[in-house]
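# Structural characterization, general
Residue strings, one per chain:
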Amino acid sequence: MDRSDKKKSPEQRAVDRSRRKFLVNTGYALGGIVVGGALGTLIGRKPAAKPAPANPREAGQAAPANYNRALMFFNQEQFRIVESATERIFPEDENNPGAKSLGVAFFIDHQLAGEWGFNGRDYMSPPFYTGEKEQGYQGRLKRREIFEIGLREMDNFSMTRYEKSFVELTGEQQDEVLKAFESDEVKLTTISAGGFFKMLRSGTLEGAYSDPLYGGNLDMNGWRMRGYPGNQMSFTAIIDKEFTEIEPASLQDHLVSH
Amino acid sequence: MAKTLPKTDVVIVGVGWAGGIIASELTKSGLNVVGLERGKERKTEDYFMVHDELRYALRYELMQDLSKETITFRSNEKIRALPMRQYGSFLIGDGLGGAGVHWNGQTYRFLPYDFEIRSKTVEKYGKGKIPAEMTIQDWGITYDELEPYYDKFETMAGISGEENPLGGKRSNPYPTPPMKKTPAMQMFAEAAGRLKLNPYMVPSANLSENYTNPDGISRAACQYCGYCERFGCEYGAKADPVVTVIPVANKTGNFQIRTHSNVRRIMHKGGKATGVLYTDVTTGEEIVQPADIVVVTSYVFNNVRLLLLSELGRPYDPATGRGVIGRNYAYQVIKGSAIGFFEKQQFNNFAGAGALGVSLDDYNGDNFDHSELNFIHGGVVSLGQTGARPIQNNPVPSGTAAWGPEFKTKSLHYANRALSIGTQGASMAYKHHFLDLDPVYKDVYGDSLMRITFDFEQQDREMSKFLAERCSEIMKEMGADKVDYLKELGPYEIMTYQSTHNTGGVMMGSEPDASAVNTYSQMWDADNVFVVGASSFPQNAGYNPTSTVGALAYRAAEGILKYKDKGGLLV
């Protein structure tokens, strides 16, 4: 770690920061992050897809390409179900973005592709027995397998009840499907419907609020809407003060400034 | 055939707070010490990207890899114990510094009552106050006897604080002044004052100002960044073994740390340890490290497990109540809490420090009359401001939908408008709460996992209800528009994070019949083995345990030096 920066005065850090902003705004390459003049032909995966909203700090300019916006695990159909379902869990409203525009489905996709999806650091050794509910998850399936099964079953349930796939349902109908899973009204032999819903819900909050480096919380808008300033090196100046709004900073901001 | 290394004076199993303190004290006195640590090396520079809630708090970056080793759990002996497959109730640390890296830094001393709980309870309320199955014991050491060691720990770590009006006597003030007081903490302190309670600033290992300790270790003041518990400190402002005692031991030239070294057996013969057997986890090689003295300082579970796997000491038998290794497992009862929602005021909830808060002990220990109550003890009541990170902190008033537009609107609205008051409820020991080896499940080396048999008791249900009501009274007095608080504790479950304050299993006492170690943490059954940590608590107090673990480690170090000199049982 570069210790020298910590010794800089707040003013000096502010100067560094605005210099950084200048570099970002003018589109100069900076740590491989901003590609000069790159245009936002971002998510061409389907015509209906909305491009990622431009960073408000760069109003009037096209957002740089976000190469993080591709799929590592889901197929398109699975991705669309996750995008619709998480949007119902954490919907856009007149003031604030929802799960879809925050990139939550990309976040979940990327997580399932890695260690978390493989339950890499969980105890997955046999024997497997059905336990008491106080004993927690005792299944042999990994998270990625649970998602595959859960998404398929959501679609099956939608077809049975409404004769349409999940993504074609109205918002209210999608809520009904989600509620049927949440309450375990849907009985599945392989996985717990309620357990799957819990993963979907916790994945939604993780995707909305984790550092943007993981693919969600686009442009830190998840943090911005709740007054969370993200990665800040010090709150000494405001800790004993009344509520203070602070423009969020990300881990990327931290990396490029050190 | 395992390779055998040259003998050392002392081998330490697990280099966290207890191991680090003992290494530092012994190497300063000239002993040669080998520290075996199953995890990797850790240093302050590792935390450059530490403000990452997902990686550290949700994906458990600093915790033990459960795919290699976990524990099994059952509520009682009639149920088949099953493995804790994912993290929940508690988080087991890993790597150099151990759980001392990812702690919050709340550094309370236990109350004088805690050390003499059985005799003081009987003295005041009569024998009938303690249910037959409750196996609480005096520690064999009093607060006053342990006080100098508390003082040593606090001076080394630079604890910031002010005197607790209801605490035990102190020989010295805290080495640094208390941390800053936030508006929410101010409101709590004022409300408590109006209710005639006795608030004080939480004793904190997050430094309130720059500090140099007697070993010459200098550390910087806390920046209130809001990332302590589950995280390492990028400033070294939070006292942890890596930035305090381990460098002191290293500097002597007498300390050799071997990381990636997982100790699997204590070798012993005729009531004396001869050394330890460990696996180099990077090569799989088995290695014997002979030593004159073996010091076991891993986390509670592995302290107990290592003794049982090594067949050292007398295993506890819950049917007869005989034996000691695995006896008196206890925990922390933390659900007795209240949350307040404030419509007209917002707080800097995102900022904070692990040990930033105001506490009171009016409902802890025997500081209040229990004659009409169906429980003993209690817990510290605190309003803490530890940094409300956004994935894990989404408080909404009871009755709010768990998802959808209502949840979203309200969770955003209350993100900086909710405060909570919590308690660290004491956890009593019972005949049927214990640790033993699981008969079925194994770790990655084929060794049996630790099995926990534990549930909440009537005592816990009554106590947490009582504490939640007190929290709610204070929150109302603070002016909250709505207050929610715990109404019913429910059974113990392994999925929800509660507290990493597991205790017992190698309990301390004055008699070999009813304890595993004496008050120097020396094993009655093998006088050259010292087992140090919260494993020696006979039951758990109404506070965070680290300060007491630190004090016991300083006392154990003193005992080891005496033993090296004269040999034999020290008590």
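This structure is a prediction, so every number in the text was calculated from the model and none was measured. (Residues numbered from 1 in each chain as written. Chains lettered and ligands numbered in written order. Predicted model: local features only at pLDDT ≥ 70, side-chain atom pairs only at ≥ 80, totals over all residues. Heavy atoms only, no water.)

So, on to the overall build of chain B. Scanning chain B from N- to C-terminus turns up 12 helices and 23 strands. The C-alpha radius of gyration computed for chain B amounts to 23 Å, which stays within 12% of the reference 25 Å derived for 571 residues, consistent with globular compactness. Structurally, chain B occupies a C-alpha span of about 70 × 55 × 50 Å along its principal axes. Here chain B, with 571 residues, has 67% of them falling under the buried criterion. For chain B, the accessible surface area stands at approximately 18,500 Å², while carbon and sulfur atoms represent 48% of it. For chain B, the distance from the average site of its 59 positive side-chain charges to the average site of its 65 negative ones is 2 Å. (Helix = DSSP H or I, 4+ residues; strand = E, 2+ residues; numbered from the N terminus. Rg over C-alpha atoms; globule rule 2.2 N^0.38 Å. Buried < 20%, exposed > 50% of the residue type's maximum accessible area, 1.4 Å probe, protein only. Areas by Shrake-Rupley, 256 points an atom, 1.4 Å probe, with all protein chains shown as cover. Lys, Arg positive; Asp, Glu negative; His and termini not counted. Charge placed at Lys NZ, Arg CZ, Asp CG, Glu CD.)

Within chain A, the regular secondary structure consists of 10 helices and zero strands. Within chain A, contacts between residues separated by at least 24 positions form 59% of all contacts whose residues are at least 6 apart in sequence. Accessible surface, chain A as shown: approximately 12,700 Å² in total, 52% of it carbon and sulfur. (Contact = heavy atoms within 4.5 Å.)

So, on to the sheet that holds strand S4 (residues 71-74) of chain B. All names here are of chain B. In spatial order, the strands read S5-S4-S19-S18; together these four strands make up an open sheet with mixed pairing. Two strands bound the open sheet, and with one partner strand each, they are strand S5 (82-83) and strand S18 (434-442). With five bridges connecting them, S18 and strand S19 (residues 448-453) associate as antiparallel partners. Within S19, the position partnered with Lys-442 by the bridge is Ser-448. (Pairing = 2+ DSSP bridges.)

Bringing the sheet that holds strand S17 (residues 418-425) of chain B into the picture now. Residues and elements named next belong to chain B. With respect to topology, six strands assemble into an open sheet ordered S6-S15-S16-S17-S14-S20, the strand pairing being antiparallel. At either end of the open sheet lies a strand with only one pairing partner, and these are strand S6 (200-201) and strand S20 (482-485). Pairing analysis gives four bridges linking strand S14 (residues 338-341) to S17, with the strands arranged antiparallel. By the bridge assignment for S17, Gly-340 is matched with Leu-419. Helix-sheet contacts for helix H7 (residues 183-194) involve S6, strand S15 (352-360), strand S16 (379-386) and S17, and the interaxial angle to S15 is about 10 degrees. Contacts from helix H11 (residues 458-477) reach S14, S15, S16, S17 and S20 within the one sheet, and its direction differs from that of S17 by about 150 degrees. (Axes fitted to C-alpha atoms, helices over the stretch in contact; angles between N-to-C directions.)

Right, let's get into the environment of B:Met507. Residue and element names in this part refer to chain B. Of note, Met-507 is situated in the loop between strand S21 (503-505) and strand S22 (522-523). Taking the C-alpha atoms as reference points, Met-507 and Thr-519, 12 residues apart in sequence, are found 9.6 Å from one another. Each residue touching Met-507, except ones within four places of it in the same chain, is listed here: Gln-137, Arg-327, Asn-328, Ala-514, Ser-515, Ala-516, Val-517, Ser-535, Ser-536, Phe-537 and Pro-538.

A few words on helix H3 (residues 76-89) of chain A. Each full turn of the α-helix corresponds to 3.6 residues, which orients residues three or four apart in the same direction. Residues and elements named next belong to chain A. In this model, H3 (14 residues) spans 20 Å end to end at C-alpha, consistent with the 20 Å of a helix rising 1.5 Å per residue. With 10 of its 14 residues buried, H3 lies for the most part within the structure. Residues of H3 that are buried make contact with helix H4 (99-102), helix H5 (104-113), helix H6 (143-162), helix H7 (171-182) and helix H8 (193-209). Of the residues flanking the start of H3, the one acting as N-cap is Asn-75, its side-chain oxygen 3.1 Å from the backbone nitrogen of Glu-77. (Expected span 1.5 Å × (residues − 1). Polar contact = N/O pair within 3.5 Å; in protein donor to acceptor, adjacent residues only side chain to side chain.)

All right, on to the UniProt feature "domain: Glucose-methanol-choline oxidoreductase C-terminal" (unreviewed entry) in chain B then. Summarizing the sequence annotation, UniProt attributes the feature "domain: Glucose-methanol-choline oxidoreductase C-terminal" (unreviewed entry) to residues 442-553 of chain B in the numbering used throughout. Between the C-alpha atoms that bound residues 442-553 of chain B the distance is 30 Å, and the span itself is 25% helix and 20% strand. (UniProt positions renumbered as here; feature names shortened; annotations may be inferred.)

Residues and elements named next belong to chain B. The tally for this structure, following the rule as stated, stands at 45 aromatic pairs over all chains. Where Phe-110 meets Phe-537, the ring centres are 5.3 Å apart and the plane angle is 75 degrees; that geometry is what we call edge-to-face. Placement of Phe-110 in the loop between helix H3 (99-102) and helix H4 (112-115) and of Phe-537 in the loop between strand S23 (526-531) and helix H12 (546-566) is noted, with a sequence separation of 427 residues between them. Within the aromatic cluster, the residues linked to one another by ring pairs are Phe-73, Phe-90, Tyr-299, Phe-301, Tyr-329, Tyr-331, Phe-454, Phe-456 and Tyr-492. (Phe/Tyr/Trp six-rings, centres within 6.5 Å; stacked < 30°, edge-to-face > 60°.)

All right, on to the interface of chain A and chain B then. Chain A puts 74 residues into the contact, and the matching count from chain B is 73 residues. Across the chain A/chain B interface, buried area totals approximately 6,200 Å², and carbon plus sulfur atoms make up 57% of it. When the buried area of chain A at its contact with chain B is split by residue, A:Arg121, A:Tyr123 and A:Arg226 rank highest and sum to 15% of it. Taken together, the connections running from chain A to chain B amount to two salt bridges. Those elements that place two or more of their residues in the side of chain A that touches chain B are H3, H5, H7, H8 and helix H10 (251-256) of chain A. The leading source of residues in the side of chain A that touches chain B is H8(A), at five residues. (Buried area = accessible area lost by both parts, 1.4 Å probe. Salt bridge = Lys/Arg side-chain N within 4 Å of Asp/Glu carboxyl O.)

Residues and elements named next belong to chain B. Tracing the sequence through the fold places Gln-137 in the loop between helix H5 (117-125) and helix H6 (143-157). Given the relative accessible area of 14%, Gln-137 is considered buried. Gln-137 has contacts with Ile-117, Arg-118, Arg-327, Met-507, Ala-514, Pro-538 and Gln-539, leaving out every residue within four places of it along the chain. Reaching out from Gln-137, the side chain makes a polar contact with the backbone oxygen of Ala-514 at a distance of 3.2 Å.

Before going further, it helps to examine the confidence of the model for chain A. Looking at chain A, the pLDDT average stands at 83 and 76% of residues meet or exceed 70. The low-confidence segment residues 1-59 of chain A, where pLDDT is below 50, has 80 contacts with residues more than four positions distant or belonging to other chains. (pLDDT = per-residue confidence, 0-100.)

Our focus in this paragraph is the UniProt feature "domain: Glucose-methanol-choline oxidoreductase N-terminal" (unreviewed entry) in chain B. The positions that UniProt labels "domain: Glucose-methanol-choline oxidoreductase N-terminal" (unreviewed entry) are, in the present scheme, residues 221-329 of chain B. End C-alpha atoms of residues 221-329 of chain B are separated by 37 Å, and the span's content is 17% helix alongside 33% strand.

All names here are of chain A. Relative orientation of the contacting elements H5 and H6 amounts to 130 degrees, with a least axis distance of 9 Å. By the criterion of interaxial angle, the relationship of H5 to H6 is oblique. Where H5 crosses over H6, the handedness of that crossing is left-handed. Contacts from Ile-108, Leu-112 and Ala-113 in H5 reach Arg-143, Arg-144 and Phe-147 in H6. Looking at the contact of H5 with H6, its residues break down into four nonpolar, no polar and two charged. (Parallel < 35°, antiparallel > 145°, perpendicular 65-115°, else oblique. Left-handed = near helix turned anticlockwise from the far one by under 90°. Nonpolar A, V, L, I, M, F, W, Y, C, P; charged D, E, K, R; others polar.)

It is worth spelling out the packing of H6(B) against H12(B) at this point. Residue and element names in this part refer to chain B. Contact pair H6 / H12: the axes reach a minimum separation of 8 Å and the direction vectors enclose 110 degrees. Between H6 and H12, the crossing angle belongs to the class labelled roughly perpendicular. Residues Leu-146, Tyr-149, Tyr-150, Lys-152, Phe-153, Glu-154 and Met-156 of H6 form the contact with H12, whose own contacting residues are Thr-546, Ser-547, Thr-548, Gly-550, Ala-551, Leu-552, Tyr-554, Arg-555 and Glu-558. Split by residue class, the contact of H6 with H12 holds eight nonpolar, four polar and four charged.

What follows is about empty space enclosed by the protein. Residue and element names in this part refer to chain B. Taken as a whole and judged by the stated rule, the model has nine cavities of 30 Å³ or more. By volume, the second largest cavity amounts to about 120 Å³. What lines the second largest cavity is a set of 14 residues, and nearest its centre among them are Arg-109, Asn-164, Gly-167, Gly-168 and Tyr-174. Residue composition of the lining of the second largest cavity, by class: eight nonpolar, three polar and three charged. (1 Å grid on protein atoms, 1.4 Å probe; cavity = no way out; pocket = protein on both sides within 12 Å on 5 of 7 lines; lining within 4 Å. Points joined across faces, edges and corners; volume = space filled by probe spheres on them.)

Turning our attention to the pairing of S4(B). Residues and elements named next belong to chain B. Burial along S4 is two-sided: the residues Ile-71 and Phe-73 and Thr-72 and Arg-74 are all buried. Relative to S5, S4 is paired through two bridges, and the arrangement is antiparallel. By the bridge assignment for S5, Thr-72 is matched with Pro-83.

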